[in-house]
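Observations on the three-dimensional arrangement
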Amino acid sequence: MYTQSMDLPQGQPGELRAVPADAASADAEARFDERVAADRKVEPQDWMPDAYRRTLVRQISQHAHSEVVGMLPEGNWVTRAPSLERKAILLAKIQDEGGHGLYLYAAAETLGTSRDQMIAALHSGKAKYSSIFNYPTLTWADMGAIGWLVDGAAIMNQIPLCRCSYGPYARAMIRICKEESFHQRQGFDIMLALCRGTPEQKAMAQDALDRWWWPVVMMFGPSDADSIHSAHTMKWGIKRISNDELRQKFIDATVPQAELLGLTIPDPDLKWNAERGHYDHGPIDWDEFWRTVNGNGPCNRERLAARVRAHEKGEWVREAALAHAAKARARAAKAAA
Ligand code: FAQ
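Computed from a predicted model, the values in this text were never measured in an experiment.

A tally of helices and strands in the protein yields 13 helices and two strands. Relative to the compact-globule value of 20 Å for 337 residues, the protein shows a C-alpha radius of gyration of 22 Å, a close match. Projected onto the principal axes, the alpha-carbon positions of the protein cover approximately 70 × 50 × 30 Å. Across the 337 residues of the protein, 48% fall into the buried class. Here the analysis covers contacts within the protein between residues at least 6 apart in sequence; of these, 77% occur between residues at least 24 apart. For the protein, the centre of its 41 positive side-chain charges and the centre of its 43 negative side-chain charges are spaced 6 Å apart.

See the structure below:
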């Protein structure tokens, strides 16, 4: 299934040139470079280098997969939320994440890749999704920690993406960031309620922070020295702030929030560095990060199996929707005749 811009017949103005006629022309490349340098948006119908297109498909589809796989850890607690209000909020948040996946798949489709292709890449293990969603959710406090920390990290990473050079991705990110901001607040609110509760509840909040802190710090990706894509994505105005800079901004913003909650961040080396104007932090376990990214984290197999199962079980829904659309089209054509 393609978006509208992909359906334009060949030769019409504004057609999507997946393999542009003037791809080799230095002129087209110069116009593209000029557009990016001037901070003007690149749109689906514009010529773009193949490498730019491939990088966007990779990043946007991985981002979409993260949103959809990211529904699973929280889905685990819908039936066990401690009150009707918490359950309604959690359900709404999880639905938002599904919606984010849809906006992002649609944005990636404008680059000439179908949703079916992207989903096949996820299910075969070829495409990645965020490492963070391969950790288990053991207690209700994990719902607080995910909202507070995971959504907090996601916002930090995604606000600069609202200025990404590719128009459809940038516009999808604006709406997504607004919703993520609500998600972060609801997570902090869960943590606050637990920290103001009984000693057992506060211990539960601390335990969740202990388990989620380092995976969240890793979520920003490898250190700048090991980030293979950054040089290009920064040059093309896709990524605006480096992995390490975003990680630092997240840590600086989160330490005072943990203090407000009365919780201890599980990093004995964490201390304010007045000279740098930032918090110093301890070493990151990159072996754990790569193990998880490469499919061997605590829940990788379980998460992927759940996605594949859901896709297979949804086959009849897709078939019914297609049959319904075909009937509607036939009815409209008959009425117009
Ligand atoms: N996990 O060269 P770089 C959310 C891979 S959404 C897995 O630095 P890049 C909402 C990377 O793909 C969270 N793999 O790569 C929510 C590359 O491998 P490849 C997702 C990772 O692209 C909240 C290799 O390592 N957000 O949380 C990770 O320049 C709560 C080398 O890395 C996005 O996707 C990782 N953490 O920078 C939902 C934001 N990090 O592709 C539910 C958009 C790196 O060559 C509940 N994405 N890798 O095979 C980005 O900003 C970037 O893609 C980065 C990585 C920053 C993630």
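Another aspect to go through is the confidence of the model for the protein. Looking at the protein, pLDDT values average 93 and 93% of them are 70 or higher. In the predicted structure, residues 1-20 sits below a pLDDT of 50 and forms 36 contacts with residues beyond four places in sequence or in another chain.

Bringing the layout of surface pockets into the picture now. Space inside the largest pocket adds up to approximately 1,100 Å³. If you trace the largest pocket, you find 44 residues lining it, with Q62, S130, N157, M219 and G221 closest to the centre. For the lining of the largest pocket, the secondary-structure elements that each account for two or more residues are helix 2 (50-69), helix 4 (84-109), helix 6 (141-158), helix 7 (167-195), helix 10 (243-261) and helix 11 (286-296). Considering each element in turn, the lining of the largest pocket owes the most residues, seven residues, to helix 6. Taken as a whole, the second largest pocket encloses approximately 800 Å³ of empty space. Forming the boundary of the second largest pocket are 24 residues, of which R115, D116, I119, H311 and R318 lie nearest the centre. Examining the composition of the lining of the second largest pocket, we find that eight residues originate from one element, helix 13 (residues 315-336), more than from any other.

The backbone phi angle of D39 is positive, close to 65°, even though this residue is not glycine. For D39, the position within the fold is in the loop between helix 1 (26-37) and helix 2. Take D39: its relative accessible area is 46%, and that puts it in the partly exposed class.

Two side chains of opposite charge can pair, provided their charged atoms sit close to one another. Counting across every chain of the model gives 15 salt bridges. Between R211 and D142 there is a salt bridge; the shortest N-O distance is 2.7 Å. You can see R211 sitting in helix 8 (residues 199-218) and its partner D142 sitting in helix 6, a full 69 residues away along the chain. Overall, the relative accessible area of 24% leaves R211 in the partly exposed class. Residue classification places D142 among the buried positions, given a relative accessible area of 0%. The salt bridge partner of D207 is R211, with a shortest N-O separation of 3.1 Å.

As a further point, take the site of the ligand. Surveying the vicinity of the ligand reveals 35 residues, the closest of which are K128, S131, S227, H229 and K239. Between an oxygen atom of the ligand and a side-chain N or O atom of R58, the distance comes to 2.9 Å. Contacts to the ligand include S227, whose side-chain N or O atom sits 2.7 Å from an oxygen atom. When the free accessible area of the ligand is taken as 1,100 Å², the share hidden by the protein chains comes to 92%. Placement of the ligand is best described as lying within the largest pocket. Counting residues per element, the ones that place at least two in the shell around the ligand are helix 2, helix 4, helix 6, helix 7 and helix 11. With six residues, helix 2 is the single largest residue contributor to the shell around the ligand.

Conventions used here
- Residues numbered from 1 in each chain as written.
- Predicted model: local features only at pLDDT ≥ 70, side-chain atom pairs only at ≥ 80, totals over all residues.
- Heavy atoms only, no water.
- Helix = DSSP H or I, 4+ residues; strand = E, 2+ residues; numbered from the N terminus.
- Rg over C-alpha atoms; globule rule 2.2 N^0.38 Å.
- Buried < 20%, exposed > 50% of the residue type's maximum accessible area, 1.4 Å probe, protein only.
- Contact = heavy atoms within 4.5 Å.
- Lys, Arg positive; Asp, Glu negative; His and termini not counted.
- Charge placed at Lys NZ, Arg CZ, Asp CG, Glu CD.
- pLDDT = per-residue confidence, 0-100.
- 1 Å grid on protein atoms, 1.4 Å probe; cavity = no way out; pocket = protein on both sides within 12 Å on 5 of 7 lines; lining within 4 Å.
- Points joined across faces, edges and corners; volume = space filled by probe spheres on them.
- Salt bridge = Lys/Arg side-chain N within 4 Å of Asp/Glu carboxyl O.
- Near = heavy atom within 4 Å.
- Polar contact = N/O pair within 3.5 Å; in protein donor to acceptor, adjacent residues only side chain to side chain.
- Areas by Shrake-Rupley, 256 points an atom, 1.4 Å probe, with all protein chains shown as cover.
- Sits in = over half its atoms within 2 Å of the grid points.

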